[in-house]
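Residue-level listing of the chains:
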Amino acid sequence: MDMLLAMKVAAEIAHRGSFTAAGRALGLSPPSVSRIVSELEADLGVRLFNRSTRHVALTEEGQAFFQRGEAILEEIDALREVTRAQHRVPSGQITLSSSVAFGNELLPPAIAGFLARHPEVQVQLGVSNRTVDLIQEHVDIAFRIGVGGLPDSTLKAVRVLDYRLIFVASPGYLSAHGYPADLEELKGRPVVKLFTGSWGHVHTLQTPDGPVEYRLPDAFGVDAFRAQLGAVLAGHGLSLMHDYVAAPEIAAGRLVHVLPGFQTVPQSVFAVYAHRHLMATRIRVFLDFILEWFKGRNTPLGGPAVAEDSR
């Protein structure tokens, strides 16, 4: 039995949920696929798939075999690519996940710049504040706000960008309500609060008198940064906003940075990826490009990354 072929067949069936579709993808007939799976199950002494006339599903043993087998297949593909292609043009698909604000505001121009340099690569970007499982969901790189101790020892992270949340308001708002001098003067004023679940209601602010826990009022809350930006630009309230979202609006004169002595403690965006002995060329090149793209664009916060870049 060709174990490598059998692992590829099992992986295709797991991905596609069909013996027929797996055979079509690999150029094998349905009887060949069935025979290979039967031989593999006999060799392992376990059933990998539960099959009916309409459905195919992994057994518990099949799920364990699939996860380990897919990792091995990825290592083999990476080994082949590295061996063949030290100077070859990167190609293939990169799957990314990102938090909403960073994924909508800063990643697209960087991805466009990368694709202009490497047209043989395709990029798929999913934008969500949900923490994805890189292995289960086949994500190559996830851009996360902080990592706080990676839950999986197979994951590595490298810091991409530092940022703060800063107070901003529109010129019209300030004409109507005046410039606040401190947090006390925010009481009773219209404020637009950005929140996601439990995040965003209370922030630790750096102030001239030291750190302060500041609770934003509940009068006008939104759970999307574009809604926050639109409300603030329309003059509906002052707001705490990601500095990289506010920066172009401040430069254009549509927003004003207020209370500059009151802003959140530093936070960081990290690129998180599954650590492997060998990394596919396209992923390595993309990660290097992203780090170079954002180099020098960080706000001057300093401080070490909390996870080692062990590519």
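Residues numbered from 1 in each chain as written. Predicted model: local features only at pLDDT ≥ 70, side-chain atom pairs only at ≥ 80, totals over all residues. Heavy atoms only, no water.

Chemist: Help me understand the pairing of strand E12 (residues 238–242), please; the structure alone is not making it clear to me.
Modeler: The two faces of the sheet receive side chains in turn, since in a regular strand these alternate between them. Among the 5 residues of E12, 5 are classified as buried, and the element is accordingly described as predominantly covered. Bridge count between strand E7 (residues 165–169) and E12: 4 bridges; the pairing is antiparallel. Looking at the pairing, phenylalanine 167 lines up with leucine 240 of E12. Here strand E8 (residues 191–194) runs beside E12; their pairing, made up of 2 bridges, is parallel. Pairing of valine 192 across the sheet is with serine 239, part of E12. (Buried < 20%, exposed > 50% of the residue type's maximum accessible area, 1.4 Å probe, protein only. Helix = DSSP H or I, 4+ residues; strand = E, 2+ residues; numbered from the N terminus. Pairing = 2+ DSSP bridges.)

Chemist: What's the story with the packing of aromatic side chains in this structure? I'm lost.
Modeler: To describe a pair of aromatic rings, you give the distance between the ring centres and the angle between the ring planes. Under the defined criterion, the tally for this structure stands at 9 aromatic pairs. Here the aromatic rings of phenylalanine 102 and phenylalanine 294 are separated by 5.5 Å at their centres, their planes lie at 40°, and the arrangement is tilted. Of the two residues, phenylalanine 102 is situated in helix H5 (residues 100–105) and phenylalanine 294 in helix H10 (residues 281–294); the sequence distance between them amounts to 192 residues. For the residue pair phenylalanine 102 and phenylalanine 294, the accessibility class agrees, reading buried in each case. An aromatic cluster is present here, built from Phe102, Phe143, Tyr163, Tyr244 and Phe294 joined pairwise through their rings. (Phe/Tyr/Trp six-rings, centres within 6.5 Å; stacked < 30°, edge-to-face > 60°.)

Chemist: For this particular structure, what's the right way to read the nonpolar core?
Modeler: Grouped burial of nonpolar side chains is what soluble globular proteins tend to show. Core analysis: the largest hydrophobic core is formed by 59 residues, its most contacted members being Phe102, Ile141, Phe143, Phe167, Phe286 and Ile290. Top contributing element to this core by residue count: H10, with 7 residues. (Core = buried A, V, L, I, M, F, W, Y, C linked by side-chain atoms within 4.5 Å.)

Chemist: Is there a simple way to explain the side chain of glutamate 105 in this structure?
Modeler: Position of glutamate 105 relative to the elements: it lies in helix H5. Among the residues examined, glutamate 105 registers a relative accessible area of 17% and is labelled buried. Within the local environment of glutamate 105, its side chain forms a polar contact with the side chain of arginine 226, the two groups lying 2.8 Å apart. In this structure, glutamate 105 is in contact with Phe225, Arg226, Tyr244, Val245 and Pro248, ignoring residues within four places of it in sequence. (Polar contact = N/O pair within 3.5 Å; in protein donor to acceptor, adjacent residues only side chain to side chain. Contact = heavy atoms within 4.5 Å.)

Chemist: Just checking my understanding: could you explain the environment of aspartate 2 for this structure?
Modeler: Along the polypeptide, aspartate 2 turns up in the segment before helix H1 (3–16). Given a relative accessible area of 47%, aspartate 2 falls into the partly exposed group. With 34 residues separating them along the chain, aspartate 2 and isoleucine 36 place their C-alpha atoms 8.7 Å apart. There is a polar contact of 3.1 Å between the side chain of aspartate 2 and the backbone nitrogen of leucine 5.

Chemist: What's the story with the environment of histidine 177 in this structure? I'm lost.
Modeler: Note on placement: histidine 177 falls in helix H7 (residues 171–177). In this view, histidine 177 contacts Arg189 and Pro190; residues no more than four positions away in its chain are not counted.

Chemist: Can you help me understand the environment of tryptophan 293 in this one?
Modeler: Among the structural elements, tryptophan 293 can be located in helix H10. Tryptophan 293 sits in the partly exposed class, given a relative accessible area of 23%. For tryptophan 293, the contacting residues outside a window of four places in its chain are Pro109, Ala110 and Gly113.

Chemist: Which parts of the structure should I look at to understand the packing of H1 against helix H3 (residues 30–44)?
Modeler: Two numbers describe a pair of packed helices, the interaxial angle and the distance between the axes. Remark: H1 packs on H3, axes separated minimally by 10 Å, with the N-to-C direction vectors making an angle of 110°. One element, H1, and the other, H3, form an angle in the roughly perpendicular class. Note that H1 runs across H3; the crossing there is left-handed. Taking contact as the criterion, the partners of Met3, Leu5, Ala6, Val9, Ala10 and Ile13 in H1 are, on H3, Val33, Ile36, Val37, Leu40 and Asp43. (Axes fitted to C-alpha atoms, helices over the stretch in contact; angles between N-to-C directions. Parallel < 35°, antiparallel > 145°, perpendicular 65-115°, else oblique. Left-handed = near helix turned anticlockwise from the far one by under 90°.)

Chemist: What is the right way to read the packing of helix H6 (residues 107–117) against H10 from this model?
Modeler: Closest axis-to-axis distance for the H6/H10 pair is 10 Å, and the angle between their directions is 125°. Taken together, the axis directions place H6 and H10 in an arrangement best described as oblique. Here H6 runs over H10; the crossing is right-handed. Each of Leu107, Pro109, Ala110, Ile111, Gly113, Phe114 and Arg117 in H6 lies in contact with H10, whose residues at this interface are Arg282, Val285, Phe286, Phe289, Ile290, Trp293 and Phe294. Class assignment for the residues of the contact of H6 with H10 results in 11 nonpolar, 1 polar and 2 charged. (Nonpolar A, V, L, I, M, F, W, Y, C, P; charged D, E, K, R; others polar.)

Chemist: Would you explain the confidence of the model for the chain in this entry?
Modeler: Predicted coordinates in areas of low pLDDT are best not read in detail. With 89% of its residues at a pLDDT of 70 or more, the chain has an overall mean of 84. Per-residue pLDDT, averaged within each element of the chain, yields its smallest value for helix H4 (residues 60–84) (81) and its largest for strand E13 (residues 256–257) (95). Confidence drops under pLDDT 50 across residues 299–311; counting only partners more than four residues distant or on other chains, this segment forms 33 contacts. (pLDDT = per-residue confidence, 0-100.)

Chemist: Looking at this structure, I do not really get the pattern of salt bridges. What am I missing?
Modeler: Side chains carrying opposite charge are able to pair once their charged atoms draw close together. Taken as a whole and judged by the stated rule, the model has 10 salt bridges. Close ionic contact of lysine 193 with aspartate 218 constitutes a salt bridge, the shortest N to O distance being 2.3 Å. Of this pair, lysine 193 sits in strand E8 while aspartate 218 is found in the loop between strand E10 (210–215) and strand E11 (220–222), placing the two residues 25 residues apart along the sequence. On the accessibility criterion, lysine 193 (2% relative accessible area) is buried. (Salt bridge = Lys/Arg side-chain N within 4 Å of Asp/Glu carboxyl O.)

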